[in-house]
Amino acid sequence: MRTADLIELLAGDARAIRRGVVTRKLLTALIAGGLVTFAIVALWLRCQPLLAAAQQPWFWMKAGYTGLLTLAGAISVRRLSIPGARLRAAPLAAALIILAMLALGAGQILATAPQARLALWLGQTWKICSPLILLLALPIYACLIAALRALAPTRLTLTGAAAGFAAGALAATLYGLHCPEQAAAFAATWYTLGIAAATALGAVTGRRLLRW
Amino acid sequence: MLQQEETEERLRPLMMRSLEGDSAAHRQLLGTLGRYLRGYFARRIGSASAEVEDLVQETLLAVHLKRDSYDRSLPFTPWAYALARYKLIDHLRRRHRSIQVPLEDAGALFAAEDAEEVAVRNDLERLLQRLPDRQRTLIEDVKLRGLSVEEAARKRGVSAVSARVMLHRSLKWLNQALRDENG
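This one's a predicted model, so the numbers in the text were calculated from it and none came from an experiment.

## Looking at the overall build of chain B
Regarding its fold elements, chain B presents 8 helices and 0 strands. Secondary structure of chain B in N-to-C order comes out as α-α-α-α-α-α-α-α. Whereas a compact globule of 183 residues would reach a radius of gyration of roughly 16 Å, chain B reaches 17 Å, a difference of no more than 12%. Within chain B, the proportion of its 183 residues that are buried is 39%.

Spelled out as structure tokens, the structure:
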């Protein structure tokens, strides 16, 4: 086939393209995956008594932390879905949020009596927290990958990592509906580790899964 | 730099009209882009390579099908360059060559036009033969006989709308087949 013929074919298939397709597809994926993860949290793990929890600052501290990371991750994924677009400030913002949370957790440890520090840091559920967040991230990650394959990411490892990060952060936010742990040091460590695991999974698998 | 701004000013309005469904603008955009792509790929993998024209075609198909990933508030040339560079890297990786594609300014793509179509190895033509008959004949009518999609539809006794859908599906299928067989 001559290239000129191909161009004729493509011109014959010209049609108006809607605006905002990238944002809409990614948002749909986040919502769809988030609903699956929410259902798993609500039906399997069970939510903690939310009315009581919502009165407590620690509940919002955790939700704010992972919620902001979700936002930074989603913005990064969007930028990476547009060929040639600069990544700009979102990853830096995510790094700063994590550093602030680590500082908050460290401060809390230091302000605690030495013999009580380990209990504060590990809480009751440190062993299952990060693995559960990784598990809960999978449905969201799968939806994001499906959406991204229909778009045109050109930096696959990085895009996979960003998708994993956003999925992990949203999963951690929804996990907060169940998780009764209250310490900033706990969230700064085990939540962050769960999100980091999802990011690593995205970086490793994205390269293969995102080809178009 | 100035030259790239000039290219941007020339191509971006075409892209805008193409996104509104203007097929003449779309044709003109792809034609111009094809000439730049040919020059860019030839500089990167050697102008004698029969793979240049296949890569041009593959990239034009991708530009066409991935138009919805373009953000209208951003410049056009970096978008086109990123797609071209991705296709080039993908191509080299498939052939297990060492991958050294410098990340340059978008100007690298728009340095020189090359209008001379070179021999094509014809990945697309071969894949075309695997399409179902109805889709293949529609494509051949448009491609070889120069009919508009509407004329081709009338000739085959299908509605213009379903002919358009068929054409679009065929193009998407070709794009995927290219990816999968090169996997």
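## Looking at the overall build of chain A
When helices and strands are counted, chain A shows 9 helices and 0 strands. Taken from N to C terminus, the helices and strands of chain A fall in the order α-α-α-α-α-α-α-α-α. Each of the three principal axes of chain A carries a C-alpha extent, and together these read 75 × 35 × 25 Å. When the 212 residues of chain A are sorted by exposure, 47% land in the buried category.

## Quick notes on the domain arrangement of chain B
All names here are of chain B. Partitioning chain B into structural domains gives domain 1 (1-121) and domain 2 (122-183). The C-alpha centroid of domain 2 is placed 23 Å from the C-alpha centroid of domain 1. Contacts between the two partners involve 10 residues from domain 1 and, on the opposite side, 9 residues from domain 2. Broken down by element, the residue count for the side of domain 1 that touches domain 2 peaks at 7 residues, all from helix α3 (residues 51-65). For the side of domain 1 that touches domain 2, a count of residues per class yields 4 nonpolar, 2 polar and 4 charged.

## What to know about helix α2 (residues 21-45) of chain A
All names here are of chain A. When the terminal C-alpha atoms of α2 are compared, their 35 Å separation across 25 residues agrees well with the 36 Å that a helix rising 1.5 Å per residue should span. For α2, every residue scored as buried is listed here: Val22, Lys25, Leu26, Ala29, Leu30, Gly33, Gly34, Thr37 and Val41. Turning to α2, the residues buried within the fold contact α4 (57-81), α7 (126-149) and α8 (156-175). After α2 finishes, the residue Arg46 shows a positive phi value of roughly 75°.

## Notes on unusual backbone geometry
Excluding glycine, most residues fall at negative phi; most peptide bonds, likewise, are trans. Residues and elements named next belong to chain A. Within the chain, Arg46 stands out as a residue other than glycine whose phi angle is a positive 75°. If you trace the backbone, Arg46 turns up in the loop between α2 and α3 (50-53). For Arg46, a count of 9 C-beta atoms within 10 Å translates into the label exposed. Positive phi, close to 55°, is recorded for Arg88, a residue that is not glycine.

## Re the packing of helix α6 (residues 133-143) of chain B against helix α7 (residues 149-156) of chain B
Think of two packed helices as two axes; the pair is described by the angle between the axes and how far apart they sit. All names here are of chain B. The geometry of α6 relative to α7 is characterised by a closest axis approach of 9 Å and an angle of 135° between their N-to-C directions. With respect to α7, the axis of α6 lies oblique. Relative to α7, the crossing made by α6 is right-handed. Across the interface between the two elements, Thr137, Leu138, Asp141 and Val142 from α6 touch Val149, Ala152, Lys155 and Arg156 from α7.

## Structural notes on the nonpolar core
Formed by 111 residues in total, the largest nonpolar core has its most connected members in A:Ile133, A:Leu144, A:Ala166, A:Ala167 and A:Ala171. Two domains share this core, each providing at least three of its residues, namely domain 1 (1-121) and domain 2 (122-183) of chain B.

## What to know about the environment of A:Thr3
Examined against the element boundaries, A:Thr3 turns out to sit in helix α1 (residues 3-12). Among all residues touching A:Thr3, those that are not within four sequence positions of it are B:Gly34, B:Glu53, B:Val56, B:Gln57 and B:Glu117.

## Focus: the environment of A:Arg86
Summarising the element assignment, A:Arg86 is placed in the loop between α4 and α5 (90-110). What makes A:Arg86 exposed here is the crowd of 9 C-beta atoms within 10 Å.

## A few points about the interface of chain B and chain A
Each partner contributes to the interface: chain B provides 44 residues, whereas chain A provides 29 residues. Considered class by class, the residues forming the side of chain B that touches chain A number 19 nonpolar, 12 polar and 13 charged.

## Side note on the packing of α7(A) against helix α9 (residues 184-209) of chain A
Residue and element names in this part refer to chain A. One can describe the packing of α7 onto α9 by two numbers: an axis separation of 8 Å at closest approach and a directional angle of 35°. Between α7 and α9 lies a crossing of right-handed hand. Two secondary-structure elements touch here, α7 through Trp126, Cys129, Ser130, Ile133, Leu134, Ala137, Tyr141 and Ile145 and α9 through Trp190, Tyr191, Leu193, Gly194, Ile195, Ala197, Ala198, Gly202 and Leu209.

## So, the confidence of the model for chain B
Per-residue confidence for chain B averages 87 on the pLDDT scale, and 95% of its residues sit at or above 70. With a pTM of 0.90, the predicted complex shows an ipTM of 0.87.

## Observations regarding the environment of B:Thr137
Within the secondary structure layout, B:Thr137 lies in helix α6. The sequence separation of B:Thr137 and B:Ala152 amounts to 15 residues, and the corresponding C-alpha distance is 9.0 Å.

What counts, and at which threshold
Residues numbered from 1 in each chain as written. Chains lettered and ligands numbered in written order. Predicted model: local features only at pLDDT ≥ 70, side-chain atom pairs only at ≥ 80, totals over all residues. Helix = DSSP H or I, 4+ residues; strand = E, 2+ residues; numbered from the N terminus. Rg over C-alpha atoms; globule rule 2.2 N^0.38 Å. Buried ≥ 20, exposed ≤ 12 C-beta atoms within 10 Å, placed from the backbone. Domains from an automatic or database assignment. Contact = placed C-beta atoms within 7 Å. Nonpolar A, V, L, I, M, F, W, Y, C, P; charged D, E, K, R; others polar. Expected span 1.5 Å × (residues − 1). Axes fitted to C-alpha atoms, helices over the stretch in contact; angles between N-to-C directions. Parallel < 35°, antiparallel > 145°, perpendicular 65-115°, else oblique. Left-handed = near helix turned anticlockwise from the far one by under 90°. Core = buried A, V, L, I, M, F, W, Y, C linked by C-beta atoms within 7 Å. pLDDT = per-residue confidence, 0-100.

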